[in-house]
Amino acid sequence: FKSKATVTSEARLQFVSPYAFEAMQKVDVVRLAALSDPELRLLLPCLVRMALCAPADQSQSWAQDKKLILRLLSGVEAVNSIVALLSVDFHALEQDARKEQQLRHKAGGSNGESILVSQLQHGLTLEFEHSDPLRRLRLALSELLAIMNKVADSNGEWFLKSSELFESPVYLEEVADVLCILQAELPSLLPIIDVAEALLHVRNGDWFLCLLVANVPDSFNEVCRGLIKNGERQDEESMGGRRRTEALRQLCQMNPSQALNIRAMVVEECHLPGLGVALTLDYKPDTADDAVSPLVSYVSGLLLGTNGKVRTWFSMFIRNGQQRKRESSSVLWQMRRQLLLELVAILPRSRSTHEPNDSVEDAESSSGYSGLREEHVVKASALLRLYCALMGIAGLRPTDEEAEQLLQLMTSRPPATPAGVRFVSLSFCKLLAFPTLVSTPEQEQLMVMWLSWMIKEEEYFESAAGVAASFGEMLLLVAMYFHSNQLSAIIELVCSTLGMKIAIKPSSLSKMKTIFTQEIFTEQVVTAHAVRVAVTNNLSANITGFLPIHCIYQLLRSRAFTKHKVSIKDWIYRQLCETSTPLHTQLLPLIDVYINSILTPASKANPEATNQPITEQEILTVYQGSTAGVNELLNIYSITTQLLILYYILSYEEALLSNTKQLALMQRKPKSYSAILMDQIPIKYLITQAQGLQQELGGLHSALLRLLATNYPHLCMVEDWVCEEEVTGTLPLLRRMLLTSNTCRYSQTQLHDAFQKVPSSGPRLMRMLDHLTLLSAGDLIPYAEALTGSMGLLLGPSVPRRIPQTLNKLWMVLNTVMPRRLWVMTVNALQPSVKMLRQQRYIQNDLMVDPLIVLRCDQRVYRCPPLMDIVLHMLNGYLLASKAYLNSHLKETADFDRQSQTISNLGLGQAGQPDTPEVTREELKNALLAAQDSAAVQILLEVCLPTSEVQTGPPGAGGDAESLLQSMRAAPVSIKQEEGARRAEGEGEPDGGLLSDLREVQCLICCLLHQMFIADPNIAKLVHFQGYPQALLPLTVAGIPSIHICLDFIPELLAQPQLEKQIFAIQLLSHLCTQYALPKSLSVARLAVSVMATLLTVLTRAKRFSFFMPTLPCLVAFCQAFPPLYDDVATLLVQLGQVCASDVSTKTRDIDPLITRLQYLKEKPQEVLVPGGDKSKLSLPQRAAEELGGADPDVQLCYRIEATFMDIISTSQHGL
């Protein structure tokens, strides 16, 4: 700012200098004494009042200062007139002023009678000259109040009040003295803000205002804020706005330290934008900042800030300012001129569009020709962004001179630094955003040369500047967008790079599109250049900007690589190997579009135009060391790379299956990845790792889970997730932290030796296994082979139960990280040890094709619950895997087989051999899966039987009617000895008890069957239509909660023609009625009784015996569960008895009046039982039947009928 007193060009009025204002503000007497007489004259009103009025500060230092002030004033003649002004009675003056205001208010503001001033004889100036001090005060006060009233009544309309008193240059100083004294002595009547507002409406008002504020320096901020609040939104639009701006600008020149604060008030209120710019132009910082000028910073902050209201307000200032004629006094044109000067100041000195550089020069000479100095790069970037904002947001229309200089700056060549890379990117985007800057052929040639330089120097810039995202990727990306006509994507790219939203018309890019697609970047050049671009090292979401991956993604989408036969597979593989967390958002879309380009040709005319998939060897390289444990796995490649490759493989396989029809029509069959490869990838371990990194991996974890649920359902079992919570939860973690034992570490060899010496090495083996339970799942991987390979040794006698139980826990932990390999190892380890035959080594594919291999294990496993639990877990997993395997196999082969057969039929003309319909293949697959599941269920049910009970008859033929537990008690001693020998001494209970190994195995099997029946109710239907031993019905009905669904299809089972199935249905129903006494059970039981009554009339004598002997005891259960069925059952029994008795009477005499007894039992059942009698009496007829007529089936049936009657009566009487 100016350090000396400024002088106006019109009236040559002297303003208060910043030096004088600071002296007044700080009351620095020494500085005041140094002022010249003209400067001191402006401050006399305040100094005189200071010297005459009684001070509040009574200190000695102020007394000395006051003496200096008096000495300073003693030589000034004008002091006497000011002293005379202060001698007036201001109280009376204020009362007269208020009376005059009331009078004017009543008169409606007309200039009638005045209390302050009587009739003037002469003009106001002459009256002022000839008046005494009091009259001078009255004249000035009357004039000021009139202006203030007019301002209050003007409703914001601007006016300029012609006042002789404020315009006469001779009396300006005396009027200023009067004005300052009046405001100081009558502050309530004349608020300084209102006085300041009134002074804007008279000539020389800014001078009066500065003097008024200089004499009351504490009011500076208050006055400025008031003037800004009352100001116009656009100050350049009106005379009042310009006068207000000029007054505030003079105030800030008087007090430059507060200029930036006043500018902040302007932005806060969104008033007087020209003032903000003017203050910035006037501002001269103490220390010059070479980077960015204050003007560039201020205007950029307004247009590029987050406050939309401020942005709109200032943009309106730019637009409105352009509509007026160019005026040198306009703040907008002053701003534009200053910006242009700053731009020209940093331009390379030798730039000229008329002297293109056609000669071949090296890098140094070319950079020297048009090089931008390094210290100017940041400033140049800021200027470019500012001009983009001015043109794109505020609508600035550059002049020819501005456009020429801007183009010169944009096409200059910066040094190879990160700031230089940023400058080139901004220049390039500005060219795209405002192509009208290039208007002449010479300018177009300059631009083409500069773009060619960009292509040539891009790699050098990236290496020299040390940045990952250079401008080369942006060039490629824009070229690809132009080739694919994605103009909206180019606009989005430009706005993103510039950091502002600019309205760019797609039609304006036509010239640039022609230059790019025909002169600089043909599509073939784009693809060839893209492959040579280096991958981004350690690509992650932390690396922002436009990277090579964006370019490759767009080229893959437009199928440019396949169109021009450029291989991109190696580049994608290298980029996937150079990734880290957090995951870059472009990686998953890149993999998806790459897979699509492998499977789908670019055009139907050229079906071979596809990319190559990643080879199996390259995939294996990523996972090498995965079998050696966690640490080695993670040292080679990052977990991000391994997860991305896994995502690629799973997505590729899924896309291959979903596109089989299209591929078959094109006679293409891309190769699928082998099962051997998939077996070597630790899928479950990787998913477990991804689960802990979900926030850093974005959507990769959920995408992998979706693919696994489709392709590998056996790795997504609910039981596994629950087990993982038990393994990785809080309690196991605390246990490992608190019970760590680093002193005893065991090798795989030691563990293997301990297993070989079981049971003698039992305690030592247990110590080893307990130590292994403290290890994490990853650290346990090296011990997997030793643990699984020795499982068969635990089936021998005298092995403590705790060893297989601990082994079961360790197996479940390993199952969370390596399930598939663990299952294969376990199946091979549990094969029967037959010395005569060589054991077969199964692989993963064998077990998915035939899951029942799991159950072909050593028979002793069926009586070892911890190992049986493992077997059932594997069986459930392989059944699910088999379904997924057959589904994928069907999709993979169906379309190709059908397509080839159709073509062969067309070629050979075999019209008589139609194509096998797809529905048939689907039905065959479903039938195979159903047979597989039902076979597994039947085998498991057979395992539930005690080993002594070998069912020789057909399933469902009835068998013994005793309960399973009774038959278990009657098991041979050999089984007891075998199972008892396997227990450690003192463990368990006798095998007949509820805690036997068989009982535990039965519970495990029932849990699995329950889950299978819930997952697919058709399995339950199929198994029960096949039937199984009647002795298992109490176990299955009580142990499988979901078996109640059998009530839905028992009527259908009763309708089957086979007698065995009807018998099994009735026996199953009897147990269900006892277990689930529901209304639905009652209706089905009533139906069963009705079916039995119907069959009585149609069955032959032999079949009648075979049917009713096993089903009559079921009637007891019906009546016990549903007493209302008693009448129907009794009627059925009487009818059956009559039929049987009639058959017996034709052959021999009736040794026992059966019919009479049956009728009696039906009518008076309560009289049959003797009080205190027991059930043994009811068993006599049955024994008599065996003794007297055992050889005759009808006689046996007769006595069975009577026994059934007695059982029903007994249960009803005793409530059993």
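Structure first, text after, so check above.
One structure accompanies this document, and this report is about it.

Calculation rules
Residues numbered from 1 in each chain as written. Predicted model: local features only at pLDDT ≥ 70, side-chain atom pairs only at ≥ 80, totals over all residues. Heavy atoms only, no water. Helix = DSSP H or I, 4+ residues; strand = E, 2+ residues; numbered from the N terminus. Buried < 20%, exposed > 50% of the residue type's maximum accessible area, 1.4 Å probe, protein only. Contact = heavy atoms within 4.5 Å. Areas by Shrake-Rupley, 256 points an atom, 1.4 Å probe, with all protein chains shown as cover. Axes fitted to C-alpha atoms, helices over the stretch in contact; angles between N-to-C directions. Left-handed = near helix turned anticlockwise from the far one by under 90°. Core = buried A, V, L, I, M, F, W, Y, C linked by side-chain atoms within 4.5 Å. Salt bridge = Lys/Arg side-chain N within 4 Å of Asp/Glu carboxyl O. Phe/Tyr/Trp six-rings, centres within 6.5 Å; stacked < 30°, edge-to-face > 60°. Patch = residues over 30% accessible without salt bridge, like charges linked within 9 Å, V, L, I, M, F, W, Y side chains within 5 Å.

This part takes up the overall build of the protein chain. Helix and strand counts for the protein chain come out as 65 helices and zero strands. A burial count over the protein chain gives 52% of its 1216 residues as buried. Counted over contacts in the protein chain with a minimum sequence separation of 6, partners at least 24 positions apart contribute 74%. By element, 53% of the accessible surface of the protein chain is carried by carbon and sulfur atoms, the whole surface being about 55500 Å².

Here we take up the environment of Ala-389. Summarising the element assignment, Ala-389 is placed in helix α22 (residues 377-392). Ala-389 sits in the buried class, given a relative accessible area of 0%. Taking the C-alpha atoms as reference, Ala-389 lies 9.6 Å from Gly-499; in sequence the two are 110 residues apart.

Here we come to the environment of Pro-866. The residue Pro-866 is located in helix α51 (residues 865-908) in this model. According to the relative accessible area criterion, Pro-866 is buried, its value standing at 6%. Considered as a pair, Pro-866 and Gln-805 are 61 residues apart in the sequence and their alpha carbons are 5.4 Å apart. Beyond its immediate sequence surroundings of up to four residues, Pro-866 is in contact with Arg-801, Pro-804, Gln-805 and Asn-808.

Helix α11 (residues 172-185) packs onto helix α6 (residues 79-86) with a crossing angle of 35 degrees between their chain directions and a minimal axis gap of 10 Å. Here α6 runs over α11; the crossing is right-handed. Residues Ile-82, Leu-85 and Leu-86 of α6 touch α11, and the partners they reach there are Asp-177, Val-178, Ile-181 and Glu-185.

Before going further, it helps to examine the nonpolar core. In this structure, Leu-251 and Tyr-648 are the most contacted members of the largest nonpolar core, which totals 386 residues. The greatest single-element share of this core, amounting to twelve residues, is contributed by helix α36 (residues 639-658). Contact partners of Leu-251, with chain neighbours within four places excluded, come to Leu-209, Cys-210, Val-213, Phe-220, Val-223, Cys-224 and Leu-227.

Glancing now at the pattern of salt bridges. Here the structure, examined in full by the defined rule, presents 27 salt bridges. When the shortest N-O distance is used, the salt bridge between Arg-801 and Glu-1000 registers 2.7 Å. Separated by 199 residues along the polypeptide, Arg-801 in the loop between α47 (784-789) and α48 (802-815) and Glu-1000 in helix α55 (residues 997-1015) bring together distant segments of the chain. You can call Glu-1000 partly exposed: its relative accessible area is 31%. Several salt bridges converge on common partners, so that one network encompasses Glu-22, Lys-26, Asp-28 and Arg-31.

Applying the stated criterion to the full structure yields twelve aromatic pairs. When the ring of Trp-207 is compared with that of Phe-208, the centres are 5.2 Å apart and the planes differ by 75 degrees; the resulting orientation is edge-to-face. Assigned by exposure class, Trp-207 and Phe-208 land together as buried. Judged by centre distance (5.0 Å) and plane angle (75 degrees), the ring pair of Tyr-1028 and Phe-1064 falls under edge-to-face. With a gap of 36 residues between them, Tyr-1028 in the loop between α56 (1017-1026) and α57 (1033-1039) and Phe-1064 in helix α59 (residues 1059-1075) connect regions that are remote in the sequence.

Moving on: a nonpolar patch on the surface. A cluster of nonpolar residues, Trp-158, Leu-160 and Met-239, forms a patch on the protein surface that exposes about 270 Å² of accessible area. Counting through the fold element by element, Trp-158 comes out in the loop between α9 (133-153) and α10 (164-167). Judged by its relative accessible area of 32%, Trp-158 is partly exposed.

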